[in-house]
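Take a look at the letters that make up each chain.
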Amino acid sequence: MTSNSRSDRCSPKRLAEHVQTISNLESHLAADVKETDLPSELQQAFDSLFLCKSSAVPVLIDLLSPARHARIRYQAAGVLGLIGRQAVPGLLEALPDKQTQREVVFALGQISPTSEEILTPLQDLAADESVGMDVRWIAAASLDRNGVIMESFFQTRSLPMPFEESIKCLDA
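For every chain, the first residue of its written sequence is number 1, and the numbers climb from 1 along that sequence. Local features in this predicted model are restricted to residues whose pLDDT is 70 or higher, and side-chain atom pairs enter the listing and the counts only when it is 80 or higher, whereas totals over whole chains, interfaces and linings include all residues. Each side-chain value is worked out from all heavy atoms of the structure, with water and hydrogens disregarded.

1. Side note on the overall build of the chain
So, step 1. On a plain count of helices and strands, the chain comes out with 11 helices and zero strands.
So, step 2. The burial tally for the chain puts 42% of its 172 residues in the buried class.
So, step 3. For this analysis, residues touch if any pair of their heavy atoms sits within 4.5 Å. Considering only contacts in the chain between residues 6 or more positions apart, those separated by 24 or more positions represent 57%. By the criteria applied, helices consist of DSSP H or I runs no shorter than four residues and strands consist of E runs no shorter than two, each listed in order from the N terminus. The cut-offs for exposure are 20% and 50% of the maximum accessible area for each residue type, with area from a 1.4 Å probe on protein chains only; residues under the lower value are buried, those over the upper are exposed, and the others partly exposed.

Laid out in structure tokens, this is it:
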């Protein structure tokens, strides 16, 4: 086996090295970092985690911790969404944790095509008034994006439809 094989790239030791790289660079992130401002070394660490697919899911879920910089949490959620179906079991397991629920819901909403396994918890969260509005909105927007019409959710709360502004820009 070559040193570039997937098993070498995704060994527990390499996964720990990627997380260490992320941790080392995290302190350099400003509070208002935009997506395009992500340092290339940090992006490379996330890219490497993406290539590890299901092996990296537990590590990425740990990166959703509220103790992490918002940019790290957002990037980890995005990578989990890109990993797709392989990330679903870990994300569903992490879903009840109120501290990371917003990022988990965001990641679940990025996975396409969605299945009942994902749609049901998202529908439950969108309807649960004990959950924060941000989590409910992300869940409803994800459902809407996946063809589950959530217009009444947004209308009854006087909230804009998720992609309404984007459509207005395209029409202009």
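2. Let's talk about helix α7 (residues 101-110)
So, step 1. Where burial is concerned, most of α7 is hidden: seven out of the 10 residues are buried.
So, step 2. Structurally, α7 contributes buried residues whose contacts are with α5 (70-83), α6 (88-94), α8 (116-127) and α9 (133-145).

3. Remarks on the state of the cysteines
So, step 1. Throughout, a disulfide means two cysteine sulfur atoms within 2.5 Å of one another. Summed over the entire model, instances satisfying the criterion amount to one disulfide.
So, step 2. Sulfur-sulfur distance for the disulfide between Cys10 and Cys52 comes to 2.2 Å. Across the S-S bond of Cys10 and Cys52 the torsion is about -95 degrees, and the bridge reads as left-handed. Of the two residues, Cys10 sits in the loop between α1 (6-9) and α2 (12-26) while Cys52 sits in the loop between α3 (40-51) and α4 (57-62), which places them 42 residues apart along the sequence.
So, step 3. Given a relative accessible area of 0%, Cys52 falls into the buried group.

4. Quick word on the packing of α7 against α8
So, step 1. To obtain an axis, a line is fitted to C-alpha atoms, over the contacting stretch when the element is a helix, and the angle between two such axes runs from 0 to 180 degrees between their N-to-C directions. Contact geometry of α7 with α8 gives a least axis separation of 11 Å together with a crossing angle of 135 degrees. Taken together, the axes of α7 and α8 lie oblique to each other. Relative to α8, the crossing made by α7 is left-handed. Every residue of α8 that contacts α7 at Gln101, Val105 and Leu108 is listed here: Ile118, Leu122 and Leu125.
So, step 2. Each residue gets one of three labels, nonpolar for Ala, Val, Leu, Ile, Met, Phe, Trp, Tyr, Cys and Pro, charged for Asp, Glu, Lys and Arg, and polar for the others, Gly among them. Its residues placed into classes, the contact of α7 with α8 shows five nonpolar, one polar and no charged. Any angle from 65 to 115 degrees is called roughly perpendicular, while one under 35 is roughly parallel, one over 145 is roughly antiparallel, and all others are oblique. Note on convention: the crossing is left-handed when the near helix lies turned anticlockwise from the far helix by less than a right angle, right-handed when the turn is clockwise.

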